[in-house]
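Now for the letters of each chain:
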Amino acid sequence: MQRYIVGGAVRDRLLGLPVQDHDWVVVGATADEMLAQGFRPVGKDFPVFLHPQTHEEYALARTERKSGRGYHGFTMHASPEVTLEEDLMRRDLTINAIAEDEAGNLIDPYGGRDDLERRVFRHVSPAFAEDPVRILRVARFAGRFADFTLAPETLTLMRRMVADGEVDHLVPERVWQELARGLMEAKPSHMLRMLRECGALARILPELDRLFGVPQPKEYHPEVDTGEHMMLVMDHAAATQQPLAVRWACLVHDLGKGDTPADVLPHHYGHEARSEEHARSVSERLRAPADCRDLAVIFAREHGILHQVEKLRPETIVKLLERADALRRPERFLLLLDAAACDFYGRPGMEQRPYVRTERWKAALAAVQTVDAGAIARTCTNKADIPQRVHAARVAAVKEAQSSAG
């Protein structure tokens, strides 16, 4: 029995990055031998075990053979006869196909160290094309390792996979999993560009792909291209370390601009309502978590008016706070403001300008929170009047706060 550290742990150590977890491959062993040594099996489909003390994952060396379409269309073979090189060959990229033995020696049969030095993503073998998830994984790595480029032959292979319909067989849950992880990387725009370059974005998020080439008024958007605006917004969200819900809301907030009739471009009248509809349908299609879906829907609907707080009447401000459920969910409303700030800064030349609207909305919310709805309800003889009187008190509180602030 021989044990090797493989994959990301070896790659990240060679790149000088922190190593969080170790994955191991075991060569020359059977499942029964692993159980006899106290390892605990994980799942039913793969020969993976947890170490009894460290709880790190140990997988028996295995090969995989394509037997159907999509992510699940594989037949797996694990036995003591499978070599380390055969196990490494089934991996996606050469930089992930480097192993390290227990003495610290590197085993690199496919040139992973050279590709690390060149900063290149390159597939290990033609078997890459058998698993469409690998397209998403490579794109996600592009968001993490921003100075890497994609080998031309790997791009060609990815494009062929898309053309062959492999991406169409991805299950929504796996698409969401990889997208969400990529959105949380340092440069999510690099992931999205790679997906677009190989054609996968048009298959998994056609609403997003349609934004590229759609113009916006230059006086408000110096970048003009709606798709490029989205890229800038996403990278600002990453640079300010926003949570996933904010990043997802930023990603889908302008999808309605892809439906704007050509004769009214570069203007996008009423795109917020169309964006709200798309944000909901895309979130549901990919089965995004409820917090991501709900924030995305609200931000798509309200982002235009959030940017105009200084022009709004107190009545309009209170209506938005009530629509957004800001009184019951103030923490979510603050995330909404974070998304609005990312949208503001997702334009060239805005880097040094303060986004003062955040504080104005916070002040309005604080004023509304001073209204004691319970006390008002106790003074109402007609219960039907309660909502209107509470609303009026909130409007008065905002008006007073604005007057006090000058």
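Residues numbered from 1 in each chain as written. Predicted model: local features only at pLDDT ≥ 70, side-chain atom pairs only at ≥ 80, totals over all residues. Heavy atoms only, no water.

Undergrad: Looking at this structure, how should I read the pattern of salt bridges?
TA: Close approach of charged atoms allows side chains with opposite charge to pair. Under the counting rule described, the total for this entry stands at 33 salt bridges. Here arginine 193 ties to glutamate 228 by a salt bridge, and the two come within 2.7 Å at their closest N and O atoms. Here glutamate 228 lies in helix H11 (residues 226-239) and arginine 193 lies in helix H8 (residues 188-198), a separation of 35 residues in the sequence. Given a relative accessible area of 26%, glutamate 228 falls into the partly exposed group. By sharing partners, the salt bridges in this structure join Glu276, Arg280, Arg301, Glu302 and Arg323 into a single network. (Salt bridge = Lys/Arg side-chain N within 4 Å of Asp/Glu carboxyl O. Helix = DSSP H or I, 4+ residues; strand = E, 2+ residues; numbered from the N terminus. Buried < 20%, exposed > 50% of the residue type's maximum accessible area, 1.4 Å probe, protein only.)

Undergrad: Please clarify how the sheet that holds strand S5 (residues 57-60) should be interpreted in this entry.
TA: Whether parallel or antiparallel, the strands of a sheet pair through hydrogen bonds between backbone atoms. The strand order S3-S4-S5-S2-S1-S8-S9 describes an open sheet built from seven strands, whose pairing is mixed. The sheet terminates laterally at strand S3 (40-42) and strand S9 (106-107), the two strands that pair on one side only. (Pairing = 2+ DSSP bridges.)

Undergrad: What should I look at first to understand helix H6 (residues 152-163) in this one?
TA: Since one α-helical turn is 3.6 residues long, residues separated by three or four positions face the same way. Compared with the 16 Å implied by 1.5 Å per residue over 12 residues, the 17 Å span of H6 between its first and last C-alpha is a close match. If you check which residues of H6 are buried, you get Thr154, Leu155, Leu157, Met158, Met161 and Val162. Along H6, the residues classed as buried sweep out an arc of 160° about the axis, all on the same side. Every exposed residue of H6 that faces more than 90 degrees away from the buried side is listed here: Pro152 and Ala163. The elements touched by buried residues of H6 are strand S10 (120-121), helix H5 (133-144), strand S11 (149-150), H8 and helix H9 (201-204). Among the residues trailing H6, glycine 165 stands out with phi positive, at a value near 85°. (Expected span 1.5 Å × (residues − 1). Arc of directions from axis to C-beta. Contact = heavy atoms within 4.5 Å.)

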